[in-house]
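# Coordinates in review
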Amino acid sequence: MTRILAPGSTAPPAFRALPPLSLYVHLPWCIRKCPYCDFNSHEWRRGGDGPPEDAYVDALVADLESALPSVWGRKVPTVFLGGGTPSLFSPEAIDRLLAAIRARLPLAAGAEVTMEANPGTFERERFEGFRDAGVNRLSIGVQSFSPRHLAALGRVHDAAEARAAVDAAVELFDEVNLDLMYGLPDQAVDEALADVEEALAFRTKHLSCYQLTLEPNTLFHRHPPPLPDEDEVDAMQSAIEARLERAGFDHYEVSAYARPGHRCMHNVNYWRFGDYLGIGAGAHGKVSSPDRVVREVRWKQPIRYLEQAIAGTPAMERREVAAGELGFEFMLNVLRLTEGVPATLFAERTGVPLAAIGRELGIATRRGLLDPDPSVLRATPLGRRFLNDLVALFLRDGAHAKEPA
Amino acid sequence: MPFVFPRPTAPVKPIRNFSIIAHIDHGKSTLADRFIQRCGGLADREMEAQVLDSMALERERGITIKAQTAALAYKARDGVTYRLNLIDTPGHVDFAYEVSRSLAACEGALLVVDASQGVEAQTVANCYTATEQGVTVIPVLNKIDLPSADPERVIAEIEDIIGIDAQDAIRASAKTGEGIDDILEAVIARIPAPAGDEDAPLQALVIDSWFDNYVGVVMLVRVMHGRLRPRDKILMMATGATYGCESVGVFTPKSVSRDSLSAGEVGFVIAGIKELKGAQVGDTITLVSRPAAAPLPGFKLVKPQVFAGLYPVEANQYEALRDALAKLKLNDASLHYEPEVSQALGFGFRCGFLGLLHMDIVQERLEREYDMDLITTAPTVVYQVLLRDGTLLEIENPSKLPDLSKVEEIREPIITVSILTPQEYVGPVLTLCTEKRGTQRNMQYLGRQVMLTYELPLAEVVMDFFDKLKSVSRGYASLDYEFREFRAADVVKLDILINGERVDALSVMVHRSVAQYRGREVAAKMRSLIPRQMFDVAVQAAIGAQIIARESIKALRKNVLAKCYGGDITRKRKLLEKQKAGKKRMKSVGSVEIPQEAFLAILKVGEK
């Protein structure tokens, strides 16, 4: 069937080959909600029984089963267990979950299986259990090693627990990431650098350094703490970049640093506009089929999710991404990568020709935000600093999504 | 200039035509509403507050822009039912010409004065216009119910300042309804019935005309002589065009069709006219079959006093802006516009307005009713430029000023300003007038108030004079002005440079004596109005080649989202859309994004 398009509109996507598909699993519980966190995380009642592990794993399996027809036969190179605090789950529950995943999805040989963990007590044994269950990469939410800043961030762990957790992690896993934050309340440049220095001492192969930002719907947004000014934060960032470069880390994404060969392949898949199936409460997914790209969101409230997933209807929202929006979504992701992507990846991953954003590319290049080399899509150093301005050029007015038939 | 209509004696008709002269806020619209209510023009449920102010904008700002009418049926104490035609008049100085139009249709006018605030300059001017036109004036003291009302003092003021007998001024309250019948009785007793001969050839004066989407042009007319009926073939005496009269009628204020309009009546005429040009205000309508010997005296054309450039934020909106201006012009003959090109802003229009309020209203209507995103440049007056070769140019845009080596002299418009202020504020008002390069012509103590007459450069009044006058007098001083002459003045062009580039749309004319100060202030103001960008921005003020002020806007460090993973797309999109929307009213000049307010920085000098 020939579709007739209004002038100026973008043809619907048509894929030659589907993008790689990753699996994201959301485990929504935390001991306590941090005041800066805007993710879908829920405190479980203190003194209660802990999260309903078994029921939740059952729900995840049911969720995955109902999603299988949309991803049938596609090989999965990475799995990411995120949260929340997934490490609150017992190794047994994680083992059952990963076994169920392996039984239903063809994981690639040597697939990256990451789990997020927060420092706590008696972590070593649990970490060992996670490893035995099949987790091969651990991402630890350290944030800071300074007691003062940990307290300011409302973290439940102290500096000693953080060190113990990282020690255990590097002993048990080859691939470990530490999350750090800078621009913390009343933080000075040398304090930020001291956190990085301490992280480097553990010889992990990946570091994520995030600037603390005040997100809507967080406690910090309602009651802002005294943050360092723009110039100080900028000085921290420059100092961190320089220090990590000296240590042999490659600054490959806005906030991600890795030693050669140790990038987080799961996240790189997001940033190369790959597909991902998202299961679990509030998980987002993006799955392409030959003529469309569909985004899905799972029910957010854990209790509601449990019911819906078991009933076979885990998705709260499902919408087809309009062809006119794909350019923006692609650029929002790939321009975060320092080295950008080959220009040919655009058509490959969006299913629409690069010419669809030709005008915007011209403007971005003229403003010095985009590399003029036509074979790559890459932000210039100026474009990396003003990434929002660069990416916003690709926003289309009225490119609204439509409900899939 | 004033003109007087012949008012020959004729049989007395049960008709009275009158308007209301009042200062803004003195209660004119509320009073009009009372009349309509009293005479049953509208059912109670139809009485939307202040019905005569029909444009939404008018209602919001509490002012009347266009003349409106209401034909009221009033059963008087003598038992006779009279038709009272109320013709509303605007109360703002920008719209003074509309007042003389309304008055031309009337035999009488109510002078409504707030019983506690007293007489204001605008009222004085309009009242003079009325007496010059031979219109009978009936003083009314409104808001008599307020504890602060001081009728004796206000009566003395009316007599002192306006010079009419006010001993029998009617005490009323539009709010409580007190005195409403007394006013209507006075209208009947004191205002002459309209004269005019129904059997003479038709002469109907076009008082106002506007465009209606359904019926085309609607004319509001005052029939002086003769009679006009639907299906009459009419001749517009100024243009010579003929039309078939489709319908006639009156506003109650709802439109009601009638079989005819005859001598002495005020009403509307619809004649299939498609463009406002065909129904010029001040023209005389007569019949093709039996034309009048001569037209009635018309109105003089009003010339715009204030000019500004209007540019679409998005270049592709130029056509839409042109269409919107054309549509506005249909209902606003005083709006002038012509295409203009700016190096900085691209294609736009140079628009002429009656004053700043008029400019504000046009701008707001374009934005609200036509959904335009606009950049407006700082308003300017017209300068006459005499070249060395003897040519005289009129410059409506500072950037069009010829090379100074060719200029013999620059002349600026001077106006005569009448200010009425309570005695206690005379000092600050005098200081203000001096600051604004005024020359005192007269000062007269009139009871509690003082009437000051100054000659002032219009450019200074356009800038921020109204606001300053109100602020130094706590809102009590009022003013009226009329054009006097063009006078040689030492004015210079103040240029603004952004990153070394002269931005034509930011140039303004200023007097040399204040140029240094204004330049520094404007540059400082621009620094606070232009948001930080990806690179440093330098703002300079210059006169000719001389830089007189420099400010710099430090670059932003970065604008990046720290985190972005698979689940965040929708939220990130919203965030970026919000950032982008914040830039909507900005115009890229070179590579610098300049918000609308910065183009008007000159008006904001001195504000905190």
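Residues numbered from 1 in each chain as written. Chains lettered and ligands numbered in written order. Predicted model: local features only at pLDDT ≥ 70, side-chain atom pairs only at ≥ 80, totals over all residues. Heavy atoms only, no water.

## Section: the pattern of salt bridges
Taken as a whole, this structure holds 59 salt bridges over all chains when the rule is applied. The partner of R573(B) in a salt bridge is E329(A), with the nearest N and O atoms 4.0 Å apart. Linking R573(B) in helix α12 (residues 569-582) with E329(A) in helix α11 (residues 323-334), this pair reaches from one chain into another. Through salt bridges with shared partners, one network takes in R295(A), R319(A), E325(A), E329(A), R573(B) and E577(B). (Salt bridge = Lys/Arg side-chain N within 4 Å of Asp/Glu carboxyl O. Helix = DSSP H or I, 4+ residues; strand = E, 2+ residues; numbered from the N terminus.)

## Comments concerning the sheet that holds strand β13 (residues 255-258) of chain B
Residues and elements named next belong to chain B. As summarised here, the arrangement of the 8 strands in space is β11-β10-β16-β7-β8-β15-β12-β13, forming an open sheet in which the pairing is antiparallel. On the outer flanks of this sheet lie β11 (242-244) and β13, each paired with one strand and no other. For this sheet the average axis-to-axis angle between neighbouring strands, irrespective of direction, equals 40 degrees. Direction of pairing for strand β12 (residues 247-251) relative to strand β15 (residues 266-270): antiparallel, over a ladder of 3 bridges. Bridge pairing in β15 links S247 to I270. (Pairing = 2+ DSSP bridges. Axes fitted to C-alpha atoms, helices over the stretch in contact; angles between N-to-C directions.)

## Structural notes on the interface of chain A and chain B
Contact with chain A, which involves 36 residues of that partner, is made by 28 residues of chain B. Summed over both partners, the interface of chain A with chain B comes to about 3,300 Å²; 51% of that surface belongs to carbon and sulfur atoms. The tally of links between chain A and chain B comes to 23 residue pairs in polar contact (both at pLDDT 80 or more). Among the secondary structure elements, those contributing two or more residues to the side of chain A that touches chain B are β8 (206-211), α8 (230-246), α9 (265-271), α11, α14 (381-385) and α15 (387-392) of chain A. In terms of residue class, the side of chain A that touches chain B is made up of 16 nonpolar, 7 polar and 13 charged. (Contact = heavy atoms within 4.5 Å. Buried area = accessible area lost by both parts, 1.4 Å probe. Polar contact = N/O pair within 3.5 Å; in protein donor to acceptor, adjacent residues only side chain to side chain. Nonpolar A, V, L, I, M, F, W, Y, C, P; charged D, E, K, R; others polar.)

## What about the packing of helix α1 (residues 28-38) of chain B against helix α6 (residues 180-190) of chain B?
All names here are of chain B. Their axes nearest at 11 Å, the elements α1 and α6 cross at an angle of 85 degrees. In this view, α1 runs roughly perpendicular relative to α6, as classed from their interaxial angle. Between α1 and α6, the contacting residues are L31, R34, F35 and R38 on the first element and I180, D181, I183 and L184 on the second. A per-class count over the contact of α1 with α6 returns 5 nonpolar, no polar and 3 charged. (Parallel < 35°, antiparallel > 145°, perpendicular 65-115°, else oblique.)

## A closer look at the sheet that holds strand β18 (residues 336-342) of chain B
All names here are of chain B. Strand order in the open sheet formed by 4 strands is β18-β19-β17-β20, and the pairing between neighbours is antiparallel. Each of the sheet's edge strands pairs with one partner strand only, and the pair in question is β18 and β20 (374-376). The sheet shows a mean angle of 30 degrees between the axes of neighbouring strands, taken without regard to direction. The strands touched by helix α8 (residues 356-369) within the sheet are β17 (306-312), β19 (346-353) and β20, with β20 carrying the most contacts at an inclination of about 165 degrees.

## A few points about the domain arrangement of chain A
Residue and element names in this part refer to chain A. Along its sequence, chain A is carved into domain 1 (1-16 + 323-405) and domain 2 (21-269). In this structure, domain 1 and domain 2 have C-alpha centres spaced 30 Å apart. Each partner contributes residues to the interface: domain 1 has 5 residues there, and domain 2 has 5 residues. Of all residues in domain 1, the largest losses of buried area upon contact with domain 2 belong to R336, L337 and T338, amounting jointly to 73% of the total for that side. In this structure, the salt-bridge partner of E253 is R336, at a minimum N-O distance of 2.7 Å. Put simply, domain 1 and domain 2 have 5 residue pairs in polar contact (both at pLDDT 80 or more) between them. (Domains from an automatic or database assignment.)

## Let's talk about the pairing of strand β33 (residues 592-595) of chain B
All names here are of chain B. Taking every second residue as pointing to the same face, both faces of β33 are buried, with V592 and I594 on one and E593 and P595 on the other. As paired strands, strand β32 (residues 586-589) and β33 are joined by 4 bridges and run antiparallel to one another. Across the sheet, S588 pairs through a bridge with E593, a residue of β33. The hairpin formed by β32 and β33 contains 2 residues between the paired strands, and G590 there has a positive phi angle of roughly 65 degrees. (Buried < 20%, exposed > 50% of the residue type's maximum accessible area, 1.4 Å probe, protein only.)

## Topic: the packing of helix α3 (residues 123-133) of chain A against helix α5 (residues 159-172) of chain A
All names here are of chain A. Where α3 meets α5, the axes come as close as 9 Å, and the angle between the chain directions of the two elements is 30 degrees. What the angle tells us is that α3 and α5 run roughly parallel. Both α3 and α5 take part in a crossing whose hand is right-handed. Of the residues in α5, those touching α3 at R124, F127, E128 and R131 are A165, A168, A169, E171 and L172. Looking at side-chain class alone, the contact of α3 with α5 contains 5 nonpolar, no polar and 4 charged residues. (Left-handed = near helix turned anticlockwise from the far one by under 90°.)

## Quick notes on the pairing of β17(B)
Each regular strand carries side chains that alternate between the two faces of the sheet. Residue and element names in this part refer to chain B. Taking burial as the measure, the 7 residues of β17 include 7 buried ones, the bulk of the element. The alternating pattern of β17 places V306, A308, L310 and P312 on one face and F307, G309 and Y311 on the opposite face, and all of these are buried. Of the strand pairs in this sheet, β17 and β19 are connected by 5 bridges, and their pairing is antiparallel. Paired with L310 across the two strands is F349, which belongs to β19. Pairing geometry for β17 and β20, over 3 bridges, is antiparallel. Across the sheet, L310 pairs through a bridge with T376, a residue of β20.

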